[in-house]
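An overview of the molecular structure
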Amino acid sequence: MWWIPTAEAQSFMPPAATKIAESVDSLYGFLLISSLISFVILMGGLAYFVNKYRRRGADDKTAYISHNHTLEFIWSFVPFVIFMVCFGWGAKIYLDMRAVPEEAMQIHVNAKKWDWEFTYKNGRKITSDVDDKGKKVPATMVVPVNKPVQLIMTSTKINQSDKKDRAVLHSFFVPAFRAKQDIVPGRYTQLSFTPTKKGKFYIFCTEYCGTGHSNMLGLIKVLDQKEFDDWVIGDSEGGPKEMTLAEKGKEIYKTRACIGCHSLDGSKMTGPTWKGLFGKERVFADGSKATADENYIRESVLNSNKRIVKGYPPNNMPSYQGQLTDEDVTAVVEFIKSVK
Ligand code: CUA
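Residues numbered from 1 in each chain as written. Predicted model: local features only at pLDDT ≥ 70, side-chain atom pairs only at ≥ 80, totals over all residues. Heavy atoms only, no water.

This part is about the packing of helix H4 (residues 245–255) against helix H6 (residues 326–338). The angle between the axes and the distance between the axes are what describe a pair of packed helices. Contact geometry for H4 and H6: axes closest at 7 Å, N-to-C directions at 100 degrees. For the element pair H4 / H6, the angle class is roughly perpendicular. Residue-level contacts link Leu245, Ala246, Lys248, Gly249, Lys250, Ile252 and Tyr253 of H4 to Glu327, Asp328, Ala331, Val332, Glu334, Phe335 and Ser338 of H6. Here the residues of the contact of H4 with H6 sort into seven nonpolar, two polar and five charged. (Axes fitted to C-alpha atoms, helices over the stretch in contact; angles between N-to-C directions. Helix = DSSP H or I, 4+ residues; strand = E, 2+ residues; numbered from the N terminus. Parallel < 35°, antiparallel > 145°, perpendicular 65-115°, else oblique. Contact = heavy atoms within 4.5 Å. Nonpolar A, V, L, I, M, F, W, Y, C, P; charged D, E, K, R; others polar.)

Quick look at the pattern of salt bridges now. If you walk through the whole model with that rule in mind, you get 17 salt bridges. Notably, a salt bridge pairs Glu327 with Lys248, separated by 3.8 Å at the nearest N-O pair. You can see Glu327 sitting in helix H6 and its partner Lys248 sitting in helix H4, a full 79 residues away along the chain. We classify Glu327 as partly exposed; its relative accessible area is 31%. Given the relative accessible area of 26%, Lys248 is considered partly exposed. Measuring nitrogen to oxygen at the nearest pair gives 3.0 Å for the salt bridge that ties Glu334 to Lys337. Here Glu334 pairs with Lys337, and both are found in helix H6, just three residues apart, close to one helical turn. Take Glu334 and Lys337: they sit in the same class, and that class is buried. One continuous salt-bridge network, built from bridges that share partners, spans Lys112, Glu117, Lys125, Lys248 and Glu327. (Salt bridge = Lys/Arg side-chain N within 4 Å of Asp/Glu carboxyl O. Buried < 20%, exposed > 50% of the residue type's maximum accessible area, 1.4 Å probe, protein only.)

Strand pairing within a sheet occurs via backbone hydrogen bonds; the two strands may be parallel or antiparallel. Read from one edge of the open sheet, five strands run S6-S12-S11-S8-S9, paired in mixed fashion. Edge positions in the sheet fall to strand S6 (140–144) and strand S9 (179–183), since each has one partner strand and no second. Strand-to-strand twist in this sheet, taken as the mean axis angle between neighbours without regard to direction, amounts to 20 degrees. Bridging between strand S8 (residues 170–174) and S9 involves five bridges; their strand directions are antiparallel. Bridge pairing links Val174 to Ala179 in S9. (Pairing = 2+ DSSP bridges.)

A cis amide bond links Lys113 to the next residue, Trp114, at an omega of -5 degrees. Looking at the element boundaries, Trp114 is found in the loop between strand S1 (105–112) and strand S2 (115–120). Not every positive phi belongs to a glycine, and Asn146 is a case in point at roughly 60 degrees. Examined against the element boundaries, Asn146 turns out to sit in the loop between S6 and strand S7 (149–155). One non-glycine residue with positive phi stands out, namely Arg178, at about 50 degrees. Take Arg178: it is sitting in the loop between S8 and S9.

Okay, structure coming up:
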């Protein structure tokens with residue numbers, strides 16, 4: 001249908017546009033070639049022996065062969081070594097993929113039925129659009145080349161106040177980056193990549209999420225640093241200035257009673273201070289520990305009595321479940337990150 005945005009067909013695999021993508025391709029190439037060699041040895045051997053040891057007459061009897069240690073060792077050990085190489089190689093790529101560089105630029109990704117939304121720290125929100133001809137223009141994330149990017153992703157309902165609507169699972173996939181991560185309602189997942197090529201790359205949803213799943217296209221535009229800076233500046237000119245995510249979070253802090261119990265200067269009030277909270281290790285009343293990351297803060301806001309920081313009384317904070325939207329919670333997270 002003409003009004004549905006479509007991705008252009010590309011070659012066997014789209015050109016690798018991140019460092020990780022190149023390592024993924026090397027491993028994939030190794031798997032392909034080693035499988036091909038094994039296939040030739042196996043099928044060639046089969047054909048050769050089928051012919052060599054075919055039954056030549058009615059009284060042609062097969063010799064009695066029980067086993068052969070050398071052969072058995074070779075056909076077990078050689079595949080074992082190959083499999084271990086694949087495992088080690090894959091594990092290394094996976095760990096590289098999951099490591100987030102400290103200086104990574106963070107962008108929030110919101111998936112909903114059936115579209116993408118990208119929110120930058122400066123409060124700029126990018127959604128899909130419709131052009132003059134009524135054709136949908138997919139939401140386009142803009143990032144600079146050769147700079148690490150970290151996506152903090154969640155899934156929400158289309159309309160947060162609609163009680164019947166439900167958020168569903170999605171998965172963020174950029175084939176050219178060989179990067180993929182599930183997006184789960186009610187929690188944050190993350191994905192990081194460092195684009196190495198300028199250009200436009202497609203984002204697909206790769207978790208079946210309902211009727212509009214196949215339309216759930218997005219784009220990533222990779223610019224050089226200067227073009228990216230211009231884009232950011234061009235963006236802040238004209239129009240009403242938007243609040244940054246952290247500023248929005250501060251508003252919530254002041255207007256939704258957080259301020260009554262959480263200090264910003266390190267002093268102890270009814271609840272723990274927010275100063276330097278993000279990324280810190282928390283020790284709970286039951287002795288367990290956790291790092292204060294996005295998911296921990298989300299839990300503390302929405303399910304406030306689940307884990308109580310040691311030294312604070314239980315059941316002291318009301319739950320904000322249903323009081324704050326997912327976007328509000330994300331803004332609070334960003335505000336807490338900014339209180340250093
Ligand atoms: Cu969203 Cu499939």
